[in-house]
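Examination of the molecular architecture
Listed below, chain by chain, are the residues.
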Amino acid sequence: MATVPTRPLVMGVLNVTPDSFYDGGRYLAPDDAIEHGLAMVAEGVDIVDVGGESSRPGASPVAEDEELARVVPVVEALAPAVRVSVDTVKPSVAVAAVAAGATLINDVAGTLWPVAAELGVGWVAMHRQGSAADMQRSPRYDDVVAQVHAALLAMAARAGAAGVEEIWFDPGIGFGKTVEHNLSLLAHVAELADAAHTLGHTVLIGTSRKRFLGALGGASLPVEDRLEGSLATATFALVHGADMVRVHDVAPSVLAASLVAERPAA
Ligand code: HH2
């Protein structure tokens with residue numbers, strides 16, 4: 001059983017990719033990625049999440065050697081300065097990133113718990129309906145909150161039984177979910193946090209700049225105009241018991257998290 005953090009944490013997104021939906025192409029050169037990672041450290045980030053393959057709907061798959069070449073040097077350079085997670089669905093990339101200094105596997109496919117158990121590192125159990133290729137075609141649930149929470153509990157039970165100590169529950173905002181599904185999952189984050197905390201686990205929420213934030217109230221906001229929605233939903237999640245938010249905009253998110261930490265208990 002891992003320790004639940006006593007203050008809300010901020011995970012900074014660092015995509016070493018040409019095609020991620022927001023930061024794609026900005027940090028493809030290792031030096032640019034490392035510089036951005038260190039800038040996030042200066043802004044107060046708790047974990048830098050390094051990814052070498054976009055998980056957006058319809059993204060092109062990346063070959064293993066290419067993903068390794070993107071991720072490993074960046075993890076190696078950042079790990080002495082900050083806790084690093086690796087955002088991958090490939091066991092070989094997870095293994096190489098951990099060898100380079102990562103201590104958390106952020107797994108959007110929800111399958112890498114045996115690797116986390118074997119290596120003795122933490123694991124993010126994220127819920128996704130469908131594959132990266134088809135997940136947004138027509139996501140369907142009878143009861144999205146009950147089904148996603150039950151799936152996460154089952155994933156955590158398997159991982160815990162295999163020996164993973166640090167387990168993060170993530171409902172996977174935007175991963176096989178409609179706007180309404182995302183809003184329902186956010187509205188019920190307190191129940192997920194209660195369930196996770198009872199087991200000694202923790203909750204991670206990633207809403208940053210996602211498409212549903214641009215579609216609220218009939219609007220159609222481009223990704224550049226979704227900072228306010230990102231901060232509002234991250235703050236909402238933290239106030240309702242989430243332990244960490246995954247964000248592109250570290251400085252304002254750190255400020256929001258510190259405000260949540262300072263609020264008087266109800
Ligand atoms: N969202 C994205 C990627 N990884 N991991 C977790 N645990 N939770 C999330 O919500 C999550 C995630 C998508 O965001 P991003 O990395 O910015 O985009 P892309 O997948 O296009 O690289």
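Here, the structure is the one placed above.
Now for a quick tour of the structure. (Residues numbered from 1 in each chain as written. Predicted model: local features only at pLDDT ≥ 70, side-chain atom pairs only at ≥ 80, totals over all residues. Heavy atoms only, no water.)

1. Thoughts on the overall build of the chain
Across its full length, the chain holds ten helices and eight strands. Taking 2.2 N^0.38 as the reference for a compact globule, 266 residues should give roughly 18 Å; the C-alpha atoms of the chain span a radius of gyration of 17 Å, in line with that estimate. Each principal axis of the C-alpha atoms in the chain carries an extent, and together these give about 45 × 40 × 40 Å. For the chain, the proportion of its 266 residues judged to be buried stands at 50%. Sequence-distant contacts, at least 24 apart, represent 65% of the contacts inside the chain between residues at least 6 apart. Summed over all atoms, the accessible surface of the chain reaches about 11100 Å², with 56% contributed by carbon and sulfur. (Helix = DSSP H or I, 4+ residues; strand = E, 2+ residues; numbered from the N terminus. Rg over C-alpha atoms; globule rule 2.2 N^0.38 Å. Buried < 20%, exposed > 50% of the residue type's maximum accessible area, 1.4 Å probe, protein only. Contact = heavy atoms within 4.5 Å. Areas by Shrake-Rupley, 256 points an atom, 1.4 Å probe, with all protein chains shown as cover.)

2. Quick word on the nonpolar core
Proteins that are soluble and globular tend to have nonpolar side chains buried together. Core analysis: the biggest nonpolar cluster contains 63 residues, and L14, V50, L78, I105, W123 and V203 have the highest contact counts within it. When residues of this core are assigned to their parent elements, the largest contribution, seven residues, is made by helix α5 (residues 144–162). In contact with V50, not counting residues within four places along its chain, are L14, V16, V71, V74, V75, L78, V84, S85, V86 and D87. With eight residues, the next largest nonpolar core counts L104, V124, W168 and L204 among its residues. (Core = buried A, V, L, I, M, F, W, Y, C linked by side-chain atoms within 4.5 Å.)

3. Some thoughts on helix α1 (residues 30–42)
Taking 1.5 Å of rise per residue, the 13 residues of α1 would be expected to cover 18 Å, and the 18 Å separating its terminal C-alpha atoms lies within 8% of that figure. Among all positions in α1, only A33, I34, H36, G37 and M40 are buried. Within α1, the buried residues cover an arc of 165° as seen down the axis, which keeps them to one side. Of the exposed residues in α1, the ones pointing more than 90 degrees away from its buried face are D31, E35 and A42. Tucked inside the fold, the buried residues of α1 contact β1 (9–15), β2 (47–51), α2 (64–78) and α10 (250–262). One or two residues past the end of α1 sits G44, with phi positive at roughly 100°. (Expected span 1.5 Å × (residues − 1). Arc of directions from axis to C-beta.)

4. A word on the sheet that holds β2
Taking strand neighbours around the barrel as the criterion, the eight strands line up as β1-β2-β3-β4-β5-β6-β7-β8 in a closed arrangement whose pairing is parallel. This sheet shows a mean twist of 25° between the axes of neighbouring strands, independent of strand direction. Strand direction decides the pairing type here: strand β7 (residues 202–205) and strand β8 (residues 244–247), joined by two bridges, are parallel. Counterpart to L204 in the pairing with β8 is M244. Packed on one face of the sheet, α2 meets β1, β2 and β3 (83–87) and runs near 160° to β2. Against the sheet, α5 makes contact with β5 (122–126) and β6 (167–170), and its axis sits at roughly 165° relative to β6, the strand it touches most. (Pairing = 2+ DSSP bridges. Axes fitted to C-alpha atoms, helices over the stretch in contact; angles between N-to-C directions.)

5. With respect to the packing of aromatic side chains
Within this structure, the stated rule accounts for one aromatic pair. The ring of Y22 carries R26 above its face, with NZ or CZ at 4.4 Å from the centroid. (Phe/Tyr/Trp six-rings, centres within 6.5 Å; stacked < 30°, edge-to-face > 60°. Lys NZ or Arg CZ within 6 Å of the ring centre and 35° of its normal.)

6. Focus on the site of the ligand
Around the ligand, the surrounding shell holds 19 residues, and the nearest of these are S20, S54, S55, D170 and K210. For the ligand, an oxygen atom lies 3.0 Å from a polar atom in the side chain of N15. In this structure, R56 approaches the ligand through a main-chain N or O atom, which is 3.4 Å from an oxygen atom. A total of 470 Å² of accessible area belongs to the ligand in isolation, and the protein chains cover 98% of it. A breakdown of the residues in the shell around the ligand according to their chemical character gives seven nonpolar, seven polar and five charged. (Near = heavy atom within 4 Å. Polar contact = N/O pair within 3.5 Å; in protein donor to acceptor, adjacent residues only side chain to side chain. Nonpolar A, V, L, I, M, F, W, Y, C, P; charged D, E, K, R; others polar.)

7. Examining helix α9 (residues 227–239)
An α-helical turn contains 3.6 residues, so any two residues separated by three or four positions project in the same direction. When the terminal C-alpha atoms of α9 are compared, their 18 Å separation across 13 residues agrees well with the 18 Å that a helix rising 1.5 Å per residue should span. Inspection of α9 places S230, T233, A234, A237 and L238 among the buried residues, and these make up the whole buried set. Along the axis of α9, the buried positions cluster into a sector of 135°, meaning they face one direction only. Of the surrounding elements, those touching the buried residues of α9 are α6 (179–187), α7 (189–198), β7, α8 (211–214), β8 and α10. Where α9 terminates, the next one or two residues include G241, which has phi positive at roughly 110°.

8. A look at the pattern of salt bridges
Following the criterion strictly, the structure yields nine salt bridges and no others. Here R56 and D19 are joined by a salt bridge, their closest N and O atoms 3.6 Å apart. Residue R56 is found in the loop between β2 and α2, and its partner D19 is found in the loop between β1 and α1; the two are separated by 37 residues along the sequence. On the basis of relative accessibility, which here comes to 29%, the residue R56 falls in the partly exposed class. (Salt bridge = Lys/Arg side-chain N within 4 Å of Asp/Glu carboxyl O.)

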